[in-house]
2 protein chains.
Amino acid sequence: MSVLVVGTVAFDTIETPFGRAERILGGSATYAALAGRVLDAPVQLCAVVGRDFPEAHVQALVSRGVDVEGLVRDPEGETFFWAGRYHYDLNTRDTLATHLNVLATFQPDLPAAYRSPQVLCLGDLAPAVQGADLDRAGAGALVVADTMNFWIENTPEALAETLQRVDVLVINDEEARQLSGEPNLVRAARAVRALGPDTLIVKKGEHGALLFCGDEIFSAPAYPLEEVIDPTGAGDSFLGGFAGHLARVGATDAEAMRQAVVVGSALASYTVEAFGPERLLGVTPADLDARIDDFRRLSAVPHIVTA
Amino acid sequence: MSVLVVGTVAFDTIETPFGRAERILGGSATYAALAGRVLDAPVQLCAVVGRDFPEAHVQALVSRGVDVEGLVRDPEGETFFWAGRYHYDLNTRDTLATHLNVLATFQPDLPAAYRSPQVLCLGDLAPAVQGADLDRAGAGALVVADTMNFWIENTPEALAETLQRVDVLVINDEEARQLSGEPNLVRAARAVRALGPDTLIVKKGEHGALLFCGDEIFSAPAYPLEEVIDPTGAGDSFLGGFAGHLARVGATDAEAMRQAVVVGSALASYTVEAFGPERLLGVTPADLDARIDDFRRLSAVPHIVTA
């Protein structure tokens, strides 16, 4: 099965307590596509860049086997730019700049080969753009989407419409509470699923993630990293790894979803080990297997006799 | 093996968004002892109450098989009283009143039968009192202790001394960061263990708990409850369940610790289902087994083939 990733390809300037990286390769689609490719599933990328985007970055994606036919270059403008500064604890950040640039007028026009993906993976974009893409490619696909506070606050109507066409929604705990108005996560999850998504994944940062699928809940731990260098792209790597696993195994049942959450978590844990996508670009299937084993050991509940 | 629980027996007045309970049975030793008894380990309780403490409360403990020979009644004063109000999300609370009363002058004087426990379980008390008890009974015991922000801020020297004699420390993530000055939990855990405790458990509330034991980390999920009625006593129930399990199986290796974390988590998840110790008083070994099975299903990482 193939994955179509629709999202941003960007320049990021990132400050953390450990250093600073200037105008490096970033964007939700970049991380998601690279993560998906670790699974060796076909990954198609749909995004826009500007006249300033270097060919070397495109080649970095191609070298990992990402299909970039749908990566449009808009000669009229500059590439989407984001700058942010992480706080001391790395759990929170301030956005210093968001220049939409070519993203402001982007209307995805999918190549013919992109029009019937099995998994459609929507990175962080305006819900309206997410909606337009869904119309084109989502009809026969499993639609996996990510959202953010900004859209919940600013375009709630477009978001509500999009949610009705999303199969798997991936949001963080704060967003789940905000969307539902419920402080209790189990109730919040039920309320969010009532808005459309059959399956919900609630990311909890350093506390792991919860998968709500059918009547089951799966609690995935976070990998206990001693050195988090740069959290940028962790969520997008999760999304791409999740989608890539489902595409690779060709299944979307509860067991496959559970597996995909672990795969996504493992890939995200690699991403944060270096600035930008640097570490993710080098992750091998053997690395992934090793970390999946770590996740299994980390959360294995032993046999317990109580009486 | 037997467990000696040293802590508070109290009156609690509790306000939550769901209601209010006035001067009900509370205290760290109450919850810990009741939780330990679900495991059918011998549990001895050392605490003080005042002239106002009803015999019916003592009988509630006795009816669950808690040894109350060490429960001292001080006719000179009133029972320790705590009042608190939980916020809307139930994750934070304000303390409205803390009347130490008879606790202010309490000096534990252990009955002869209490002097050689195998597990010494120290609930939330002043570190100085914890230290004095350790001198008496902790020499040959596994010492399991709980601490709180208040002591970290107010009596850091007494705390440091106590920590050197603690084998298993149970604190929350905020306390771990505060004690160590490290925002990263893995580094914070290493720094806290360097202060004395061989084994560290970091409680993360609705996100579960992390066990650091030997070179291993175990991530235990939280039970995803839809209705948390009153979080009071959850941490103490965890502590007592943890100690009770180790006493019951007569082991303190990494595997037993992992099991004990799940048992403690399961019992804590029952405690919060009702005001005060009401639900915990009725938990049967079968209830405990059922919830342990839920924890296992909740966190089971399936077999994953990546390539």
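It should be noted that the structure appears before, not after, this text.
Thresholds applied
- What you see as residue numbers is a count from 1 along each chain, following the sequence as written.
- By the order in which they are written, chains take letters starting at A while ligands take numbers starting at 1.
- Reporting of local features is limited, given that this is a predicted model, to residues whose pLDDT is at least 70; pairs of side-chain atoms are given and counted only at 80 or more, and all residues count toward the totals for whole chains, interfaces and linings.
- Side-chain metrics rest on all non-hydrogen atoms present in the structure, leaving aside hydrogens and water.
- The cut-offs for exposure are 20% and 50% of the maximum accessible area for each residue type, with area from a 1.4 Å probe on protein chains only; residues under the lower value are buried, those over the upper are exposed, and the others partly exposed.
- A run of DSSP states H or I qualifies as a helix once it reaches four residues; a run of E qualifies as a strand once it reaches two. Both are numbered from the N-terminal end.
- A pair of strands counts as paired when DSSP detects no fewer than two bridges linking them.
- Interaxial angles span 0 to 180 degrees and are taken between N-to-C directions of axes, which are lines fitted to C-alpha atoms, for helices over the stretch in contact.
- An angle counts as roughly parallel when it lies under 35 degrees, as roughly antiparallel when it exceeds 145, as roughly perpendicular when it falls between 65 and 115, and as oblique in every other case.
- Crossings are assigned a handedness: left-handed for a near helix turned anticlockwise from the far helix by less than a right angle, right-handed for a clockwise turn.
- Two residues form a contact once any of their heavy atoms are found within 4.5 Å.
- All amino acids are sorted into three groups, where Ala, Val, Leu, Ile, Met, Phe, Trp, Tyr, Cys and Pro are nonpolar, Asp, Glu, Lys and Arg are charged, and the leftover types, Gly among them, are polar.
- What is meant by a nonpolar core is a set of buried Ala, Val, Leu, Ile, Met, Phe, Trp, Tyr and Cys residues, joined one to another through side-chain atoms within 4.5 Å.
- The fit set for superposing copies consists of C-alpha atoms from residues with pLDDT of at least 70 in both; the fit itself is least squares.
- When two components associate, each loses some accessible surface as probed by a 1.4 Å sphere; the sum of these losses over both components is called the buried area.
- Residues adjacent in sequence count toward polar contacts only when both atoms are side-chain atoms; beyond that, a polar contact is any pair of N or O atoms within 3.5 Å, and within protein one must be able to donate a hydrogen and the other to accept it.
- Aromatic pairs are defined between Phe, Tyr and Trp rings, using the six-membered ring for Trp, whenever the two ring centres lie within 6.5 Å; interplanar angles under 30 degrees are classed as stacked, those over 60 as edge-to-face, and all others as tilted.

Visitor: What exactly am I supposed to notice about the pairing of strand β1 (residues 3-6) of chain A here?
Guide: Each regular strand shows side chains that alternate between the opposite faces of the sheet. Residue and element names in this part refer to chain A. Side-chain alternation along β1 places Val-3 and Val-5 on one buried face and Leu-4 and Val-6 on a second face that is also buried. Both β1 and strand β8 (residues 119-122) contribute to a ladder of 4 bridges, which runs parallel. From the neighbouring strand, Val-6 faces β8, where its bridge partner is Leu-122. Summarising the sheet, β1 and strand β4 (residues 43-50) pair through 4 bridges and their orientation is parallel. Of the residues in β4, the one forming a bridge with Val-6 is Cys-46.

Visitor: Looking at this model, I keep getting lost on the packing of helix α1 (residues 28-38) of chain A against helix α8 (residues 234-249) of chain A. Mind explaining?
Guide: Each packed pair of helices is defined by two parameters, the angle between the axes and the distance between the axes. Residue and element names in this part refer to chain A. Packing of α1 against α8 leaves a shortest axis separation of 7 Å and a crossing angle of 40 degrees. With respect to α8, the axis of α1 lies oblique. Here the hand of the crossing between α1 and α8 comes out right-handed. Along the contact surface, α1 presents Ser-28, Tyr-31, Ala-32, Ala-35 and Gly-36, while α8 presents Asp-236, Ser-237, Gly-240, Gly-241 and Gly-244. Residues that form the contact of α1 with α8 fall into these classes: 3 nonpolar, 6 polar and 1 charged.

Visitor: I would appreciate a short explanation of the side chain of Ser-237 of chain B in the present structure.
Guide: Checked against the element boundaries, Ser-237 of chain B lands in helix α8 (residues 234-249). Filtering out sequence-adjacent residues up to four positions away, Ser-237 of chain B remains in contact with Tyr-31, Ala-35, Gly-264, Leu-267, Ala-268, Thr-271 and Leu-280 of chain B.

Visitor: What exactly am I supposed to notice about the nonpolar core here?
Guide: In summary, soluble globular proteins display a tendency toward joint burial of nonpolar side chains. Counting 104 residues, the largest nonpolar core has Val-9, Leu-45, Ile-201, Phe-242 and Leu-267 of chain B as its most contacted members. No other element matches the 10 residues that helix α9 (residues 254-271) of chain B contributes to this core. Within the second largest apolar cluster, 65 residues are counted, among which are Val-3, Ala-41, Leu-61 and Ala-83 of chain A.

Visitor: Even after reading the chapter, I still don't get the relation of the copies chain A and chain B, so can you show me in this structure?
Guide: Superposing the two chain copies requires a rotation about an axis and a translation along that axis. Between chain A and chain B, the superposition needs a rotation of 180 degrees and an axial shift of 0.0 Å, giving an RMSD of 0.0 Å. Classification of the inter-copy transformation places it as that of a two-fold axis. Most of the interface of chain A is mirrored in chain B, where 98% of its interface residues again form contacts.

Visitor: In this structure, what is going on with the environment of Gly-233 of chain B? I would like to understand it.
Guide: All names here are of chain B. For Gly-233, the location among the structural elements is in the loop between β13 (216-220) and α8. Assessed through its relative accessible area of 9%, Gly-233 is described here as buried. For the pair Gly-233 and Ala-220, spaced 13 residues apart in the sequence, the C-alpha separation amounts to 19 Å. When sequence neighbours within four positions are dropped, the list of residues in contact with Gly-233 reads Tyr-31 and Thr-271.

Visitor: Looking at this structure, how should I read the interface of chain A and chain B?
Guide: It is common to give the size of an interface as the accessible area lost on bringing the parts into contact. Taken together, the contact pairs 49 residues of chain A with 48 residues of chain B. Interface area lost by chain A to chain B is led by Glu-226, Val-301 and Thr-306 of chain A, which between them contribute 16%. At the boundary of chain A with chain B, the tally comes to 32 residue pairs in polar contact (both at pLDDT 80 or more). Among the elements of the structure, α6 (173-180), α7 (185-194), β13 (216-220), α8, α9 (254-271) and α11 (285-299) of chain A are those that each provide at least two residues to the side of chain A that touches chain B. The dominant element in the side of chain A that touches chain B, judged by the number of residues it contributes, is α11 of chain A, at 9 residues.

Visitor: When you look at the sheet that holds strand β3 (residues 19-26) of chain A in this model, what are you seeing that I'm missing?
Guide: Hydrogen bonding along the main chain pairs the strands of a sheet, whether they run parallel or antiparallel. Residues and elements named next belong to chain A. The 4 strands lie next to each other as β3-β2-β6-β7, forming an open sheet whose pairing is mixed. Strands with a single pairing partner mark the edges of an open sheet, and in this sheet they are β3 and β7 (93-99). Averaged over all neighbouring strand pairs, the angle between strand axes comes to 15 degrees, with direction disregarded. Two elements, strand β2 (residues 10-16) and strand β6 (residues 81-86), share 5 bridges in a ladder whose sense is parallel. Pairing of Phe-11 across the sheet is with Phe-81, part of β6.

Visitor: Teacher, can you tell me more about the packing of aromatic side chains here?
Guide: Describing an aromatic ring pair means giving the distance of the ring centres and the angle of the ring planes. Residues and elements named next belong to chain B. The tally for this structure, following the rule as stated, stands at 6 aromatic pairs over all chains. When the centroid spacing of 5.6 Å and the interplanar angle of 40 degrees are considered together, the rings of Phe-11 and Phe-53 count as tilted. Here Phe-11 is found in strand β2 (residues 10-16), whereas its partner Phe-53 is found in the loop between β4 (43-50) and α2 (55-63), with 42 residues between them in sequence. Phe-53 matches Phe-11 in its accessibility class, with the two residues each being buried. On the basis of an interplanar angle of 35 degrees and a centroid distance of 5.8 Å, the ring pair of Tyr-223 and Phe-295 is categorised as tilted. Here Phe-295 lies in helix α11 (residues 285-299) and Tyr-223 lies in the loop between β13 and α8, a separation of 72 residues in the sequence. The exposure class assigned to Tyr-223 is partly exposed, which follows from its relative accessible area of 24%. Phe-295 gets classed as buried once you look at its relative accessible area, which sits at 1%.

Visitor: Would you mind showing me how to read unusual backbone geometry here?
Guide: Generally, phi is negative for residues other than glycine and the peptide bonds are trans, each holding for most cases. Residue and element names in this part refer to chain B. One non-glycine residue, Arg-23, lies in positive phi territory at about 45 degrees. Position of Arg-23 relative to the elements: it lies in strand β3 (residues 19-26). By relative accessible area, which is 40% here, Arg-23 ends up partly exposed. With phi around 65 degrees, Asp-40 is a residue other than glycine that occupies positive phi space. Here Asp-40 lies in the loop between α1 (28-38) and β4. The class for Asp-40 is exposed, based on a relative accessible area of 57%.

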